[in-house]
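Breakdown of the fold
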Amino acid sequence: MNETPGTEVTELDVELGDGRVLRAYDSGAPAGTAASAEPLVVVWFHGTPNIGAPPVPLFAAAARLGIRWVSYDRPGYGGSTPRPGRDTASAAGDVAAVLDHLGVDTFAVMGHSGGGPHALAVAAGLPDRVRAAVSVSAPAPFGASGLDWFAGMAPGGEASLRAAAAGREAKETHEAAMAGGGDEGVDIGFIAADEAAFAGPWGWFGSVVGRAMAAGPAALIDDDLAAVSDWGFDPGSVRCPTLVVHGGDDRMVPASHGEWLAGAVPGADLWLQAGDGHISVLRTSEEALGWLAEAARRQSSGD
């Protein structure tokens, strides 16, 4: 799959010991990388609902930084076997399987939106392998101490997540109603800056959302149920250098969530971007990727 000149993304299926399959993606070493040089592997964690193809808008920056993208479809999305009842922490085992298959030892992680908690889960679950982490526009754990979890959330997003908090049956009923036309005119939280971002390079999301929903809402339901359940790990257990990026005007996942996460992860940096929403905040993602590459390489060298 050739996504952009100079970047060839390979899709592969990784068989797991429990009979499941994960669809994975590998960009390989950036063009021009010397044979003796080891690119920095960055694992991308997709949002809800997306497939796991790595982020095309960041390919040019990744090539400059010597980054090799690896990613995967979370269970139930794209080519990955469903795993109903999965928790967020289970991502660590899935990522370990993919990277073991590819012969990759250490790496960094980067996730957007619903992928942010999964990136942190892998950092917590594989502390000897993860060198640095970036979480963008991510929710905090449901019921996080001192956080009014739904405050500032747009009505559509709040209704969807309240349905998930009520259990699988309520969430399935909610999604069926949305599919039947109940989503018309629903405010899910995009602001004008987000719409402008969709009109630019981050319109790329259109290519991964449709493919994610092609098989129906089951994987989205599993994602949202995991988001409002016990994550299976404590963000405070993340020990690698971590950057939390959040839009100050995000109405899908309010900025208070990013502030909470940055306070929970020891030593985390927080970039709170005034005027940005859930998608437009990705205008800072090239700088965040540069931060990630520098932090990961510093950790690898022991500085």
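First, a word on scope: everything that follows refers to the structure included in this document. The structure displayed is predicted, hence computed values, not measured ones.

**Re the packing of helix H4 (residues 155-165) against helix H5 (residues 168-182)**
Packed helices, taken two at a time, are described by the angle their axes make and the gap between the axes. Orientation of H4 relative to H5, taken along the N-to-C sense of each, is 150°, at an axis distance of 6 Å. Residue-level contacts link Ala159, Ser160, Ala163 and Ala164 of H4 to Ala170, Lys171, His174 and Glu175 of H5. Here the residues of the contact of H4 with H5 are counted per class, giving 4 nonpolar, 2 polar and 2 charged.

**Some words on the sheet that holds strand S5 (residues 40-45)**
Reading across the sheet, the 8 strands line up as S3-S4-S6-S5-S7-S8-S9-S10 and stay open at both edges, with mixed pairing between neighbours. In this open sheet, the two strands that pair with only one neighbour each are strand S3 (10-15) and strand S10 (269-273). Each adjacent strand pair in this sheet contributes to an overall mean axis angle of 20°, direction not counted. Where strand S7 (residues 107-112) and strand S8 (residues 130-136) come together, 5 bridges link them in parallel fashion. Across the sheet, Met110 pairs through a bridge with Val134, a residue of S8. Its contacts with the sheet place helix H3 (residues 115-125) against S5, S7, S8 and strand S9 (242-247), and it is angled at close to 155° to S7. Against the sheet, helix H10 (residues 285-301) engages S5, strand S6 (67-72), S7, S8, S9 and S10, with an angle of about 160° to S8.

**Quick notes on the pairing of S10**
Note that S9 and S10 share 5 bridges and pair parallel. Pairing of Val245 across the sheet is with Trp271, part of S10. Handedness of the S9-helix H9 (residues 255-264)-S10 crossover: right-handed.

Scoring rules and cut-offs
- Residues numbered from 1 in each chain as written.
- Predicted model: local features only at pLDDT ≥ 70, side-chain atom pairs only at ≥ 80, totals over all residues.
- Heavy atoms only, no water.
- Axes fitted to C-alpha atoms, helices over the stretch in contact; angles between N-to-C directions.
- Helix = DSSP H or I, 4+ residues; strand = E, 2+ residues; numbered from the N terminus.
- Contact = heavy atoms within 4.5 Å.
- Nonpolar A, V, L, I, M, F, W, Y, C, P; charged D, E, K, R; others polar.
- Pairing = 2+ DSSP bridges.
- Right-handed = clockwise from strand over helix to strand, strands pointing away.

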